[in-house]
Amino acid sequence: MILYVHFGGPCSEETFRQLLDLLGEITPVVQALPPDAAFADVSGSTRYFDRDATGLAALIRMRAAAGCDADCTIGVAPNPLLARLAATRGAPGAIHTVPDNSQGITAFLAGLPVAALPDVGPATVRTLTSYGLTTLDTITVAPLATLQRILGTVAGRQLHQRAAGIDPTRVTPGAPPRSLSTEHRFGRDELDPGRQRGALSYLAERLGAQLRGERQVCRSLTLTVRYADHSTTTRSRTLPEPTAHGPQLRSVTYALYAALGLQRARVRGITLRADGLFDADSATRQLTFGTGDDKAHRIEAAADRARARFGPGVVRPASTAGMA
């Protein structure tokens, strides 16, 4: 059985590692999901602790509350997909178990909206809704050929399997994915919103190029703004889908900055950090039905080749000119 353990919200790196160590005391098969969750395969631990998977989840909740003051929400299920769904569909701060049998899985999935599945974005939901496919049980009874005609061969097959609760992936032990960050310091305390926005664009483009150069994608972005009095403000946001695509990173960066609601702030510097990195070849990508997105990716790939040959500053948005 698999546990999806949500630690109650974003936590510091030190606290996150403490919570991972706590899970490691229960099972060695722990996969970190920064900034605030992890998978744990407890199949080999039930006999040792003389508890079933739900009992182990209760033990984890108790230890996390006592040792780290964390109110964990835990999903218990036969595979990672169902465990994540169980944790996110119930009330926070509790244990939600999906039975390890076909009847229990079918009952749990019945009536859940298509949007409940991880990595199914708004565009795919709208497309499926236009065909009357709004819930997971309507997906499972739809002919596979119909889904493949709507979404494509691979995506249609994957959705059909996931809607039925089928997930062949395994929990992969390892250290938390590392982060990448980039920083811009202004030559003077900057009041101009235009120049601040230019710095945001520069950081997003630079971070995207770093990620693509290492064939990585990130799950979330963290923006830190440093002011003239040396104080800082930090905001984080999980991305709609893991990516290293510059326009997507830039859009989320702008949204993070706008959420700060700064009014004539004297900004000394800005740092942008990509968290939850993993191999780009393992990432799923939201389906689109136009050519614009593919064109943007081709242009970006050409710019990356130019930077690799002539230097990192040879291709950049006009708004970032003069920044280094």
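Above this text you will find the structure in question.
Predicted model, so just to flag it, every value in this text is computed and none were measured.

*Asks:* Run through the state of the cysteines, naming residues and quoting values.
*Replies:* Inspection of the entire model under this criterion finds 0 disulfides. Of the cysteine sulfurs around C68, a residue in no disulfide, the closest is that of C72, at 8.2 Å.

*Asks:* I'd like a rundown of the packing of aromatic side chains, residues and numbers included.
*Replies:* Aromatic ring pairs: the centre-centre distance and the angle between the two ring planes describe each pair. Tallied over the full model, the rule gives 3 aromatic pairs. Ring geometry for Y48 and F49: centres 5.0 Å apart, planes at 80 degrees, overall edge-to-face. The exposure class of Y48 is exposed, given its relative accessible area of 69%. A cation sits over an aromatic face here: R197 above Y254, 3.6 Å from the ring centre.

*Asks:* Describe in detail helix 4 (residues 80-89), supporting the description with residues and values.
*Replies:* Here helix 4 lies mainly inside the structure; 7 of its 10 residues are buried. What helix 4 keeps buried is the set P80, L81, L82, A83, L85, A86 and A87. Each element contacted by the buried residues of helix 4 is listed here: strand 1 (2-6), strand 3 (37-41), strand 4 (73-77), strand 5 (95-97), helix 5 (102-109) and helix 9 (153-163). Two or three places before L81, at the start of helix 4, stands the capping residue N79, its side-chain oxygen 3.2 Å from that residue's backbone nitrogen.

*Asks:* Can you tell me about the pairing of strand 3, naming the residues and giving the values?
*Replies:* The buried count for strand 3 comes to 4 of 5 residues, which makes it a mostly enclosed element. Where strand 1 lies against strand 3, 5 bridges are found, and the strand directions are antiparallel. When the sheet's bridge partners are listed, V5 is paired in strand 3 with A38. Pairing of strand 2 (residues 30-33) with strand 3, which is carried by 4 bridges, proceeds in the antiparallel orientation. By the bridge assignment for strand 3, Q31 is matched with F39. In sequence, strand 2 turns back onto strand 3 through a hairpin of 3 residues.

*Asks:* Just give me the short version of the sheet that holds strand 2, but keep the residues and values in it.
*Replies:* Each strand in a sheet pairs with another by means of backbone hydrogen bonds, the pair being arranged parallel or else antiparallel. Pairing in this open sheet of 5 strands is mixed, and the strands run 2-3-1-4-5 from one edge to the other. Strands at the two margins of the open sheet, each flanked by one partner only, are strand 2 and strand 5. Within the sheet, the average angular offset between the axes of one strand and its neighbour, ignoring direction, is 15 degrees. As paired strands, strand 1 and strand 4 are joined by 5 bridges and run antiparallel to one another. Considered in strand 4, the bridge of L3 is made with V76. Across the sheet, helix 1 (residues 13-24) touches strand 1, strand 2 and strand 3, and the angle it forms with strand 2 is around 160 degrees.

How each quantity is defined
- Residues numbered from 1 in each chain as written.
- Predicted model: local features only at pLDDT ≥ 70, side-chain atom pairs only at ≥ 80, totals over all residues.
- Heavy atoms only, no water.
- Disulfide = S-S within 2.5 Å.
- Phe/Tyr/Trp six-rings, centres within 6.5 Å; stacked < 30°, edge-to-face > 60°.
- Buried < 20%, exposed > 50% of the residue type's maximum accessible area, 1.4 Å probe, protein only.
- Lys NZ or Arg CZ within 6 Å of the ring centre and 35° of its normal.
- Helix = DSSP H or I, 4+ residues; strand = E, 2+ residues; numbered from the N terminus.
- Contact = heavy atoms within 4.5 Å.
- Polar contact = N/O pair within 3.5 Å; in protein donor to acceptor, adjacent residues only side chain to side chain.
- Pairing = 2+ DSSP bridges.
- Axes fitted to C-alpha atoms, helices over the stretch in contact; angles between N-to-C directions.

By themselves these figures say nothing about function.
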